[in-house]
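# Structural characterization, general
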Amino acid sequence: MKNKALKRLIYGLSFLLTTLPVFSFAISSPEKQDTIVNNGYKVKTIIVDAGHGGQHSGVGHFSPGASGSYSNERTVTLAIAFKLQKAIEKELEGVKVVMTRSTEDDVAWQKRADIANANKGDLFISLHCNSLPGRRIREVVGHKHHKPVYRTTEVADRSGKGVLLLVYGFHRSKEEEKAIKENLIEDDTEMNTNPDPNDPESIILMNEYKRKYRKQSIHLAELLNTEFTETDGRHSDGIREQGILVLCHSAMPAVLVETGYINNPDDEAYLNSENGQNEIVASIVRAIINYKAGVEQASQ
Ligand SMILES: [Zn+2]
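Presented here is an overview of the structure given in this document. Just so we're clear, the structure is a prediction, and the values are computed from it rather than from any experiment. (Residues numbered from 1 in each chain as written. Predicted model: local features only at pLDDT ≥ 70, side-chain atom pairs only at ≥ 80, totals over all residues. Heavy atoms only, no water.)

### Structural notes on the sheet that holds strand β8 (residues 254-261)
- The strand order across the open sheet formed by 6 strands is β2-β1-β3-β8-β6-β7, and the pairing between neighbours is mixed. Bordering the open sheet on either side are β2 (96-99) and β7 (236-242), each of which pairs with just one other strand. Neighbour-to-neighbour, the strand axes of this sheet turn through a mean angle of 20°, independent of strand direction.
- Relative to β2, strand β1 (residues 45-50) runs parallel, the two being bridged by 4 bridges. Within β2, the position partnered with V48 by the bridge is M99.
- Contacts from helix α8 (residues 265-272) reach β3 (123-130) and β8 within the one sheet, and its direction differs from that of β8 by about 115°.
- Contacts from helix α9 (residues 274-298) reach β1, β3 and β8 within the one sheet, and its direction differs from that of β3 by about 155°. (Pairing = 2+ DSSP bridges. Helix = DSSP H or I, 4+ residues; strand = E, 2+ residues; numbered from the N terminus. Axes fitted to C-alpha atoms, helices over the stretch in contact; angles between N-to-C directions. Contact = heavy atoms within 4.5 Å.)

And the structure:
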C-alpha cells in the first residue's frame with residue numbers, strides 16, 4: 001500500500017517534471033508569442049513607385065495625374081524617382097531599388113503592387129504631386145425679366161502648398177489581407193505554415209502583420225515628415241490614413257509622398273528645379289536610413 005502510494009507519487013512527480021517545462025514552453029515560447037520577429041532582419045529591397053504615367057506607346061493605361069501651369073505630375077514623379085533610385089543605391093550599401101515604372105508610360109496600380117510583392121520589397125515609396133481642385137463660384141452676369149442670370153465658373157485654387165504623407169486606411173484591409181497572405185505563402189522563412197483564413201492562429205497572425213505594417217508605415221511617414229519640415233523648412237499637411245489601392249495591395253510598409261502642390265506656382269517651380277528635387281530625395285534618403293537603422297536594431 002505504502003509502496004504503491006510512493007510509486008504513484010514518484011510517477012506523478014516525474015510526470016509533472018517532464019510535462020511542466022513543456023507546458024511553460026508552450027505558454028511563454030517566444031516563437032509562439034511573436035512569430036513575426038525575424039532575427040537579423042535587414043531592409044534589402046526598396047520599391048520606388050513613380051505615380052501616374054502617360055500613354056506614349058499608344059497602348060495601355062493613361063493616368064496623367066495633376067498638372068501645373070507648365071509641368072505635370074507624371075513627369076515630375078519620374079524625375080524624382082530616378083534621382084531617388086540613384087541616391088538610395090549610393091547611400092545605402094547592399095540595398096536594391098526596384099522601380100515600378102521607368103518609362104513615361106503608365107503602369108496599372110495592380111501591376112505596381114505585383115512588382116512590389118514579387119520582388120519582396122521591404123518598403124514601398126510612392127511619389128506623387130498634389131493639387132487642389134478648382135473652386136466653383138456662381139456669379140450674377142446680368143438680368144432677364146428682372147431676374148438675375150447666373151453663371152458658374154471654376155476658379156483655380158493655388159493655395160495648397162507643401163508635403164502630405166499618406167498611409168493606407170483600415171477600410172481597405174480586405175485587399176491588404178489577401179496581399180499579405182499571398183506574400184506569406186511564398187515566404188516560409190517567416191512562417192512555418194501557410195496561413196489558413198479559417199484558422200484562428202492564422203487570423204491572429206494576419207492581424208499582427210497588418211498592425212505591424214501600419215505601425216511601420218506611420219513610423220516612416222513621421223520620419224519623412226520631420227525631414228521635410230525640420231530640415232527643408234517646408235510646410236506639411238501632415239500624415240493621413242487613406243484607402244489607396246496600390247498601398248493596400250503591397251504587403252509591406254508603404255508610404256505615399258505628396259511631394260508638393262504642382263498647381264501652386266512656388267511649389268511647381270520647386271518640384272521642377274534640380275535643387276528642389278535633390279532636396280526632396282535627400283530628405284527621403286535620410287528618413288529611410290533612420291527607419292532602416294531602427295527596424296534592423298529592433299530585430300537583432
Ligand atoms: Zn497622384
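### Focus: the packing of α8 against α9
- Their axes nearest at 4 Å, the elements α8 and α9 cross at an angle of 80°. Taken together, the axis directions place α8 and α9 in an arrangement best described as roughly perpendicular. Judged by residue contacts, Y270, L271 and N272 of α8 engage E274, G276, Q277, E279 and I280 from α9.
- Of the residues that constitute the contact of α8 with α9, the class distribution is 3 nonpolar, 3 polar and 2 charged. (Parallel < 35°, antiparallel > 145°, perpendicular 65-115°, else oblique. Nonpolar A, V, L, I, M, F, W, Y, C, P; charged D, E, K, R; others polar.)

### Points about the coordination of the zinc ion
- Listed as protein donors to the zinc ion are H52 (NE2), E73 (OE) and H128 (ND1); their distances from the metal cover 2.1 to 2.2 Å.
- Within one chain, the residues serving as donors to the zinc ion are arranged as H-x20-E-x54-H. A residue pair is termed long-range when its members are at least 10 positions apart, and H52 in the loop between β1 and α3 (73-91) and E73 in helix α3 qualify at 21 residues. A single burial state applies to H52 and to E73, both of which are buried. (Donors = N, O, S within 2.8 Å, 3.2 Å for Na, K, Ca; no water. Buried < 20%, exposed > 50% of the residue type's maximum accessible area, 1.4 Å probe, protein only.)

### Focus: the packing of α3 against α9
- Taken N-terminus to C-terminus, the directions of α3 and α9 make an angle of 45°; their axes are 9 Å apart at the nearest point. Judged by the inter-axis angle, α3 sits oblique to α9. For the crossing formed where α3 meets α9, the hand is right-handed. Of the residues in α9, those in contact with A79, I80, K83, L84, A87, I88 and E91 of α3 are E274, Q277, N278, I280, V281, I284, V285, I288 and I289. (Left-handed = near helix turned anticlockwise from the far one by under 90°.)

### A few points about the packing of aromatic side chains
- A full pass over the atoms with the stated rule returns 0 aromatic pairs.
- Here the guanidinium or amino end of R138 rests over the ring plane of Y150, the centre of that ring lying 4.1 Å away. (Phe/Tyr/Trp six-rings, centres within 6.5 Å; stacked < 30°, edge-to-face > 60°. Lys NZ or Arg CZ within 6 Å of the ring centre and 35° of its normal.)

### Some thoughts on the pattern of salt bridges
- In total, this model carries 9 salt bridges according to the counting rule given.
- E274 is paired through a salt bridge with K83; the nearest N and O atoms lie 3.1 Å apart. In this pair, E274 is assigned in helix α9 and K83 in helix α3, connecting sequence segments 191 residues apart.
- The closest approach of N and O atoms between R135 and D157, which form a salt bridge, is 3.6 Å. With R135 in strand β4 (residues 135-144) and D157 in the loop between β5 (147-155) and β6 (163-168), this residue pair connects regions lying 22 residues apart in the sequence.
- We classify D157 as buried; its relative accessible area is 12%.
- Look at the salt bridges and you will find they share partners, linking D49, D106 and R112 into a network. (Salt bridge = Lys/Arg side-chain N within 4 Å of Asp/Glu carboxyl O.)

### Concerning the pairing of β1
- Among the 6 residues that make up β1, 6 are buried, leaving the element largely enclosed by the rest of the structure.
- Side chains T45, I47 and D49 of β1 all project onto a buried face; the interleaved residues I46, V48 and A50 project onto the opposite face, where all are buried too.
- A crossover links β1 with its parallel partner β2, the connecting element being α3, and its sense is right-handed.
- The pairing of β1 with β3 spans 5 bridges and is classified as parallel. Each residue of the ladder has a partner; that of A50, found in β3, is L127. (Right-handed = clockwise from strand over helix to strand, strands pointing away.)

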